[in-house]
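Topology and contacts: notes
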Amino acid sequence: MNRQNPILEVKHLKKYFQIGPKKVVKAVDDVSFTIYEGETLGIVGESGCGKTTCGRTCVGVYDKTDGQVLYKGKDIHKLNAAGRKELTKHVQMIFQDPYSSLDPRLKVHDIVAEGMRIHKLTMSKEQERQAVQDLLRQVGLNPEHASRYVHEFSGGQRQRIGIARALAVNPEFLLCDEPISALDVSVQAQVVNLLVELQKERGLTSIFIAHDLSMVKYISDRVGVMYLGNMVELAETEELYSNPLHPYTEALLSAIPIPNPDIEETRDRIQLDGEAPSPVNVKEGCRFCTRCRFAEDICKSKTPQLQVVRENHLVACHLYEQKMDENQEKKDA
Ligand SMILES: Nc1ncnc2c1ncn2[C@@H]1O[C@H](COP(=O)(O)OP(=O)(O)O)[C@@H](O)[C@H]1O
Ligand SMILES: [Mg+2]
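Predicted model, so just to flag it, every value in this text is computed and none were measured. (Residues numbered from 1 in each chain as written. Chains lettered and ligands numbered in written order. Predicted model: local features only at pLDDT ≥ 70, side-chain atom pairs only at ≥ 80, totals over all residues. Heavy atoms only, no water.)

Turning next to the packing of helix H3 (residues 108–118) against helix H4 (residues 125–138). Two quantities define a packed helix pair, namely the angle between the axes and the distance from one axis to the other. It is the contact of H3 with H4, at a shortest axis distance of 10 Å, that shows an interaxial angle of 110°. It follows from the interaxial angle that H3 and H4 lie roughly perpendicular. Between H3 and H4 lies a crossing of right-handed hand. Between H3 and H4, the residues in contact are Val 108, His 109, Val 112, Ala 113, Met 116 and Arg 117 and Lys 125, Glu 128, Arg 129, Ala 131, Val 132, Leu 135 and Leu 136, respectively. A per-class count over the contact of H3 with H4 returns eight nonpolar, one polar and four charged. (Axes fitted to C-alpha atoms, helices over the stretch in contact; angles between N-to-C directions. Helix = DSSP H or I, 4+ residues; strand = E, 2+ residues; numbered from the N terminus. Parallel < 35°, antiparallel > 145°, perpendicular 65-115°, else oblique. Left-handed = near helix turned anticlockwise from the far one by under 90°. Contact = heavy atoms within 4.5 Å. Nonpolar A, V, L, I, M, F, W, Y, C, P; charged D, E, K, R; others polar.)

Take helix H12 (residues 320–332) next. Its 13 residues give H12 an end-to-end C-alpha distance of 18 Å, which sits within 8% of 18 Å, the value for a rise of 1.5 Å per residue. Listing the buried residues of H12 in full gives Tyr 320, Lys 323, Met 324 and Asn 327. Buried positions in H12, seen along its axis, are confined to an arc of 105° and lie on one side of it. Residues of H12 that are exposed and point over 90 degrees away from its buried face: Glu 321, Glu 329 and Asp 332. Close packing links the buried residues of H12 with helix H9 (247–254), strand S11 (307–310) and strand S12 (313–315). (Expected span 1.5 Å × (residues − 1). Buried < 20%, exposed > 50% of the residue type's maximum accessible area, 1.4 Å probe, protein only. Arc of directions from axis to C-beta.)

For the rest of this paragraph, the subject is the sheet that holds strand S5 (residues 74–75). Spatial strand order, S2-S1-S4-S5: four strands in an open sheet with antiparallel pairing. What marks the edges here is a single partner per strand, and that holds for strand S2 (23–36) and S5. As paired strands, strand S4 (residues 66–71) and S5 are joined by two bridges and run antiparallel to one another. The partner of Leu 70 across the bridge, within S5, is Asp 75. Lying on the sheet, helix H1 (residues 51–58) is in contact with strand S1 (6–20), S2 and S4; it crosses S1 at an angle near 125°. (Pairing = 2+ DSSP bridges.)

One open sheet holds the eight strands; their spatial order is S6-S7-S8-S3-S9-S10-S12-S11, and the pairing between them is mixed. On the outer flanks of this sheet lie strand S6 (91–94) and S11, each paired with one strand and no other. Put simply, the sheet's adjacent strands are angled 20° from each other on average, direction ignored. For strand S10 (residues 230–236) and S12, the ladder comprises three bridges, and the chain directions are antiparallel. Each residue of the ladder has a partner; that of Leu 234, found in S12, is Leu 314. Packing against the sheet, H1 makes contact with strand S3 (40–44), S6, strand S7 (173–177), strand S8 (205–210) and strand S9 (222–227), and its axis sits at approximately 160° to S8.

Contacts to ligand 1 come from 13 residues, most closely from Gly 48, Gly 50, Lys 51, Thr 52 and Thr 53. Contact between ligand 1 and Gly 48: an oxygen atom at 2.6 Å from a main-chain N or O atom of the residue. At a separation of 2.7 Å, an oxygen atom of ligand 1 approaches a polar side-chain atom of Lys 51. For ligand 1, the protein covers 66% of the area, taking 560 Å² as the surface of the free molecule. No other element matches the three residues that H1 contributes to the shell around ligand 1. (Near = heavy atom within 4 Å. Polar contact = N/O pair within 3.5 Å; in protein donor to acceptor, adjacent residues only side chain to side chain. Areas by Shrake-Rupley, 256 points an atom, 1.4 Å probe, with all protein chains shown as cover.)

Our next topic: the layout of surface pockets. In this structure, the second largest pocket occupies an estimated 540 Å³ of space. Lining of the second largest pocket is provided by 20 residues; of these, Val 61, Thr 88, Val 91, Gln 92 and Met 93 occupy positions nearest its centre. Elements with a contribution of two residues or more to the lining of the second largest pocket: helix H2 (81–90), S6 and H3. Split into classes, the residues belonging to the lining of the second largest pocket amount to ten nonpolar, six polar and four charged. (1 Å grid on protein atoms, 1.4 Å probe; cavity = no way out; pocket = protein on both sides within 12 Å on 5 of 7 lines; lining within 4 Å. Points joined across faces, edges and corners; volume = space filled by probe spheres on them.)

Taken by themselves, the reported measurements are silent on function.
Spelled out as structure tokens, the structure:
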């Protein structure tokens with residue numbers, strides 16, 4: 001991987017929603033990361049942690065509250081109309097719900113061709129027909145499906161149509177927002193494999209959002225873990241799975257079922273009680289401390305900053321050294 005060419009640079013990004021006279025949702029609160037050319041960054045965290053808001057603010061769908069997002073060096077929130085249109089050619093999105101994100105009144109052909117028409121990428125009707133059929137083939141669908149409507153397809157097939165639509169404008173960057181969460185477990189891996197293949201073939205750079213850590217491993221080069229608007233851990237995928245340093249990451253990892261029943265039965269699961277609290281009017285201190293089994297006094301009073309603690313590994317936890325020792329002891333045992 002070429003980690004020299006930054007595509008997306010996110011700097012101290014904040015996105016707040018004012019939902020009442022004195023109520024502010026800090027959906028994204030000072031998040032920073034860089035994604036390099038050809039790289040996939042996984043973003044995980046429970047529902048409501050700010051993943052969608054972060055993704056959408058990063059690609060300019062939402063205005064920011066503060067901070068900066070650079071796409072290939074250009075401030076994404078300062079583009080003029082022409083710049084924004086140009087950006088939609090380079091940056092495409094794949095959504096969670098392939099039922100509501102595809103227009104039921106349109107034939108598959110027209111859904112896939114829409115972007116090509118907007119950006120005037122094909123010359124003739126025949127060229128367009130060919131291009132759509134090629135795309136359908138690439139995402140594992142029958143080219144004859146072009147003349148059908150989306151309600152005739154299964155969830156997995158619809159998501160393939162959504163992927164074909166995104167690829168139709170030949171984008172450089174994909175924002176995949178929980179593209180497999182609404183699919184049957186049995187087809188989740190197929191869609192992930194398809195995305196991995198397409199990304200390799202086309203050299204795409206991407207963000208892959210998920211609410212758990214089970215599939216993210218197979219598609220991400222690095223993974224960022226979000227909790228209540230903050231990035232609490234960010235590391236190379238291998239490193240994150242083998243050496244999690246934030247108690248929240250550890251809990252998310254422990255929620256993944258292990259296919260081996262012997263291990264599954266005997267291992268200790270770290271239970272996360274309840275849902276993540278709401279990010280409305282958050283206080284000073286670690287946002288995870290109300291659910292953290294290690295929390296100490298300092299966690300309640302001082303907000304931990306995301307900091308580099310090992311090569312390519314950042315964590316925002318006052319007690320990370322303890323965790324490092326614990327992980328090392330486990331490895332040695
Ligand atoms: N348009 C909006 N107006 C007000 N609050 C919002 C809006 N969009 C999201 N939120 C709130 O921001 C927080 C993060 O939401 P979201 O980014 O959708 O999280 P996730 O994708 O991780 O589930 C949630 O508390 C959610 O209720
Ligand atoms: Mg979401």
